[in-house]
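Residue-level structural notes
Below, each chain spelled out in residue letters.
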Amino acid sequence: MTSTKKRTAAALTATIFAAVLAVPAMAAKALVIGVSSHKGNTLEVGERSGLIIGPSGTDYTVTSSDLDTVAVERVLTFWVAVTKAEGSAEITASNSAGECGSVTLTVGPASVAPEAPASGDSAGLTDNMEIRQEMIRLINQTRKANGASELPVNEALMNAAQACSNRRYTWHHAPEEGQATVDAGYPYGFGDNLTVFTGTVNAAQRAVNNWLNSPRHFKTMLLAEASHIGTGVTFKNGKAYCCMVAGAPTSHNPYE
């Protein structure tokens, strides 16, 4: 091979090698927008599910391919999918650079949610058990959809959660809540959520929705070190007082 041909072949080889190296470099710079639903991709009519969009720290525009099936709402800095009718819709998030990502949500028929007793007020440790169990189902559904293990029920935590809801707290009272778990027979650490709202219809779903739409409360629902769960629901004067307690046996209760 002549020296000219050798130089030409070497130049072509270098060009091809450089082009091959450039491909992963360009791919590494490409922004991939991830979109998922807190409650998973299969929802029921009437549900609300927070949307997880990443990378975080970016302002996104979110749209639905079928607003009659799934609408989207912005709540502070978060986006929420609101199911309207059976069917499916593609939810798309885009940024100012025109890059986007999407998720398809499938909506099925609504299940019958347990309601508050017709008598109204309640304050016993065994009251509203169907609603409390529905809260546990919804919390475990959220955990499973986000890669966390489902939590079995613990009787002591059920009693502790109900004792706290019976006190009708509108904000956290750490010493009293810590003592309530000890008095109920659970001496270990825990994470708990509270919420209060007017009305008794769909209480379990409304309580979990409130926690889904609050980053701090959502984090407690997904508590990695939790091993068991308990819930409490109290109705008084037309208001619902709800509590969940996730027991963490590897941590310490400072009020024990």
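Residues numbered from 1 in each chain as written. Predicted model: local features only at pLDDT ≥ 70, side-chain atom pairs only at ≥ 80, totals over all residues. Heavy atoms only, no water.

1. Observations regarding the overall build of the protein chain
Counting its secondary structure elements, the protein chain contains six helices and eleven strands. Relative to its full complement of 256 residues, the protein chain shows a buried share of 41%. With an accessible surface of roughly 13,200 Å², the protein chain has 57% of that area assigned to carbon and sulfur atoms. (Helix = DSSP H or I, 4+ residues; strand = E, 2+ residues; numbered from the N terminus. Buried < 20%, exposed > 50% of the residue type's maximum accessible area, 1.4 Å probe, protein only. Areas by Shrake-Rupley, 256 points an atom, 1.4 Å probe, with all protein chains shown as cover.)

2. A few points about the pairing of strand S1 (residues 34-37)
Here S1 shows a buried face lined by Val35 and Ser37 and an unburied face lined by Gly34 and Ser36. Two elements, S1 and strand S3 (residues 48-54), share four bridges in a ladder whose sense is antiparallel. Within S3, the position partnered with Gly34 by the bridge is Gly54. (Pairing = 2+ DSSP bridges.)

3. Digging into helix H4 (residues 174-183)
Among the residues of H4, Glu177, Gly178, Ala180 and Thr181 are the ones counted as buried. The buried side chains of H4 occupy one side of the element, clustering within an arc of 155° when seen end-on. Buried positions along H4 lie against helix H3 (155-166), strand S9 (188-198) and strand S11 (239-252). Gly185 lies just past H4 and shows a positive phi near 100°. (Arc of directions from axis to C-beta. Contact = heavy atoms within 4.5 Å.)

4. Here we look at the packing of helix H2 (residues 129-145) against H3
Put simply, H2 and H3 touch, their axes get as near as 13 Å, and they point 110° apart. In terms of orientation, H2 and H3 fall into the roughly perpendicular class. In the crossing of H2 with H3, the sense of the turn from one axis to the other is right-handed. Contacts between H2 and H3 pair Met129, Arg132 and Ile136 from the former with Met158, Asn159 and Gln162 from the latter. Looking at side-chain class alone, the contact of H2 with H3 contains three nonpolar, two polar and one charged residues. (Axes fitted to C-alpha atoms, helices over the stretch in contact; angles between N-to-C directions. Parallel < 35°, antiparallel > 145°, perpendicular 65-115°, else oblique. Left-handed = near helix turned anticlockwise from the far one by under 90°. Nonpolar A, V, L, I, M, F, W, Y, C, P; charged D, E, K, R; others polar.)

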